[in-house]
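# Structural overview for review
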Amino acid sequence: MEHRVSRSVIACTINHEESAVVRLKVSGNRYTLCGCKTLFHGLKSFASGKEKSLFGKLKSCCNPWMDEELALCVSAEPLLPLPVSFPPDTTPEEEREYCGIEAGYFVNRPEEYSYDIVRYASGHATEHNRLLLFYPAEPCKSIAKYFLEEHKMLFAGTALLPLIHLSKFTDEPQVILELENSSVLLAISNHGTIEKLAFHQIKNQEEAEYFTMKELMENPICRETSVQVTGARADKAILSLIGAQTAYYPKPLGIPPSLAISNPQRLNIASQAVVQAISAAVMVLDKQQQV
């Protein structure tokens, strides 16, 4: 009889308006949600000088699982994408070295930026294509240091990388529209690989609406599959406007039905932050099982 090792991890997501902490356990291909807490405090509290209060509440949420490993996702803007191609057989250490070199050419003050690396399949896809996603290192860097006092950190970055990982659990391409305070992002991914990413910095609601309509109308796949919407601007007003002007009716960010998670009925997993936290937990647990 096959012996299945059970693993668990904590994941924390901090968005503009809310935060979430979840604990996810996996045995084989079976996931169990062991804990889920949502706080209606996010980066807005951090920016207003209330970071100690936010940290204290997050720490309280994590206290029941003091010694467990942790994945952290923090909203970040702007997001600067850079397509690259690594040489064959590049080691993780060499990848980091190449990314440091690319950062020196791509952004001013590269020491102030962090990056995520995602598999990229645009046009002539190869095994070595990657998309580097640069974003301001703060506040994610400072928040990660806070958690490192009591938890080993498995991942610290944006929620986009974990959400792209969720496309491994869908038969059709996954389309995510992210409407944040100062940006609009459209990400199309398939089998854990990103196929297209469009990012626009915006100044107001009018620009948010313009670039949202532009990306939906210029990408035919949005007519063929559902579009999931997330972000601080993803309210009922803009969703109604999208439906009225495009005949597309986006749905809130959610967990793919094929990703079976036990115990969701006992806990509220409907919020954006919780979905992102679950996706981060799934991503790091999957990577652990591949080792």
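Quick summary incoming for the structure in this document.

Calculation notes
- Residue positions are counted from 1 within each chain, in the order its sequence is given.
- pLDDT decides what is reported in this predicted model: residues at 70 or higher carry local features, side-chain atom pairs at 80 or more are listed and counted, and totals for whole chains, interfaces and linings draw on all residues regardless.
- Water and hydrogen atoms play no part in the side-chain values, which are based on all heavy atoms of the structure.
- Helix and strand definitions follow DSSP, with helices as H or I runs of at least four residues and strands as E runs of at least two, each counted in order from the N terminus.
- The reference for a compact globule is 2.2 Å times residues^0.38; the radius of gyration itself is calculated from the C-alpha atoms.
- Per-residue accessibility, obtained with a 1.4 Å probe over protein chains only, is compared with the maximum for each type, and a residue is labelled buried under 20%, exposed over 50%, and partly exposed between these values.
- Should any heavy atoms of two residues lie within 4.5 Å, those residues are counted as being in contact.
- Every accessible area reported is derived by Shrake-Rupley at a probe size of 1.4 Å, with residue values counting cover from the shown protein chains alone.
- We score Asp and Glu as negative and Lys and Arg as positive, and we do not count His or the chain ends.
- A charge is said to be at NZ when it belongs to Lys, at CZ for Arg, at CG for Asp and at CD for Glu.
- N or O atoms within 3.5 Å of each other form a polar contact, as long as, within protein, one can give a hydrogen and the other can take it, and as long as residues adjacent in sequence are counted only when both atoms are side-chain atoms.
- Side-chain rings of Phe, Tyr and Trp, where Trp is taken by its six-membered ring, are said to pair if the distance between their centres is within 6.5 Å; with planes under 30 degrees apart they count as stacked, over 60 as edge-to-face, and otherwise as tilted.
- Only strands that DSSP links by at least two bridges are regarded as paired with each other.
- Convention adopted: a line fitted to C-alpha atoms gives each axis, helices being fitted over their contacting stretch, and angles between N-to-C directions are expressed from 0 to 180 degrees.
- What makes a nonpolar core is a set of buried Ala, Val, Leu, Ile, Met, Phe, Trp, Tyr and Cys residues whose side-chain atoms join them at distances within 4.5 Å.
- By salt bridge we mean one thing: a side-chain nitrogen of Lys or Arg within 4 Å of a carboxyl oxygen of Asp or Glu.

## Digging into the overall build of the chain
From N to C terminus, the chain includes 9 helices and 14 strands. Relative to the compact-globule value of 19 Å for 291 residues, the chain shows a C-alpha radius of gyration of 19 Å, a close match. Over its C-alpha atoms, taken along the principal directions, the chain stretches across nearly 50 × 50 × 45 Å. Across the 291 residues in the chain, those meeting the buried criterion constitute 51%. Long-range contacts, defined here as pairs at least 24 residues apart, represent 64% of the contacts in the chain between residues at least 6 apart. For the chain, the exposed surface amounts to about 14,300 Å²; the carbon and sulfur share of it is 51%. Mean positive and mean negative side-chain charge positions of the chain (28 and 34 charges, respectively) differ by 6 Å.

## Notes on the side chain of Glu68
Along the polypeptide, Glu68 turns up in the loop between α2 (51-62) and β4 (70-74). Taking relative accessible area as the criterion, Glu68 reaches 17% and is therefore assigned buried. Within polar-contact distance, the side chain of Glu68 engages the side chain of Ser8 at 3.0 Å. Apart from the residues within four sequence positions on either side, Glu68 is in contact with Ser8, Val9, Ile10, Arg23, His151 and Lys152.

## Points about the packing of aromatic side chains
Tallied over the full model, the rule gives 6 aromatic pairs. On the basis of an interplanar angle of 25° and a centroid distance of 5.9 Å, the ring pair of Phe86 and Tyr98 is categorised as stacked. With Phe86 in the loop between β5 (80-85) and α3 (92-106) and Tyr98 in helix α3, the pair connects residues that are 12 residues apart, well separated along the chain. On the basis of relative accessible area, Phe86 is assigned to the buried category, the value being 6%. Classification of Tyr98 as partly exposed rests on a relative accessible area of 31%. In textbook terms, an aromatic cluster arises when at least three aromatic residues are bridged by ring pairs, as seen for Phe55, Tyr146 and Phe147.

## Considering the sheet that holds strand β13 (residues 251-252)
Here 5 strands make up an open sheet; going across it, the order is β11-β10-β9-β12-β13 and the pairing mixed. If you trace the sheet from one side to the other, it starts and ends with β11 (193-201) and β13, each paired once. In the sheet, strand β9 (residues 174-180) pairs with strand β12 (residues 227-230) via 4 bridges, with the strands oriented parallel. The partner of Val175 across the bridge, within β12, is Val227. Sheet strands in contact with helix α6 (residues 205-218) are β9, β10 (183-190), β11 and β12, and its direction is about 150° off that of β11.

## Topic: the pairing of β9
Counting buried positions along β9 yields 7 of 7 residues, so the element is predominantly enclosed. Burial of β9 is two-sided: the residues Gln174, Ile176, Glu178 and Glu180 facing one way and the residues Val175, Leu177 and Leu179 facing the other way are all buried. Sheet analysis places β9 next to β10, joined by 7 bridges and oriented antiparallel. Bridge pairing in β10 links Val175 to Ile188.

## Describing the pairing of strand β2 (residues 19-27)
For β2, the tally of buried residues reaches 7 of 9 residues, placing the bulk of the element in the interior. Across 9 bridges, β2 lies against strand β3 (residues 30-39) in antiparallel orientation. Residue Val21 lies in a different strand from β3, and its bridge partner there is Lys37.

## What about the nonpolar core?
Ranked by internal contacts, the top residues of the largest apolar core, which has 45 residues, are Val22, Leu24, Tyr31, Leu160, Ile194 and Leu197. Counting residues per element, this core draws most heavily on helix α9 (residues 272-290), which supplies 11 residues. Other than its neighbours up to four places away in sequence, Tyr31 contacts Leu24, Lys25, Val26, Phe169, Leu259, Ala260, Ile261, Ser262, Val282 and Asp286. Residues Leu54, Leu70, Cys140 and Tyr146 belong to the second largest nonpolar core, which totals 21 residues.

## Examining the side chain of Ser183
As for its placement among the helices and strands, Ser183 is situated in strand β10. The class for Ser183 is buried, based on a relative accessible area of 1%. A polar contact is formed between the side chain of Ser183 and the side chain of Glu77, at a distance of 2.6 Å. Excluding residues that lie within four positions of it along the chain, Ser183 makes contacts with Glu77, Glu178, Phe199, His200, Gln201 and Ile202.

## Considering the pattern of salt bridges
In this structure the tally under the stated criterion is 7 salt bridges. Here Lys152 makes a salt bridge to Glu69, at a shortest N to O gap of 3.7 Å. Placement of the pair is Lys152 in the loop between α4 (140-148) and β8 (153-157) and Glu69 in the loop between α2 and β4, with a sequence separation of 83 residues. Glu69 sits in the partly exposed class, given a relative accessible area of 22%. Note that Glu93 is salt-bridged to Arg96, the shortest N-O span being 3.8 Å. Separated by 3 residues within a single helix, Glu93 and Arg96 lie in helix α3, roughly one turn from each other.

Just distances and angles here, no functional claims.
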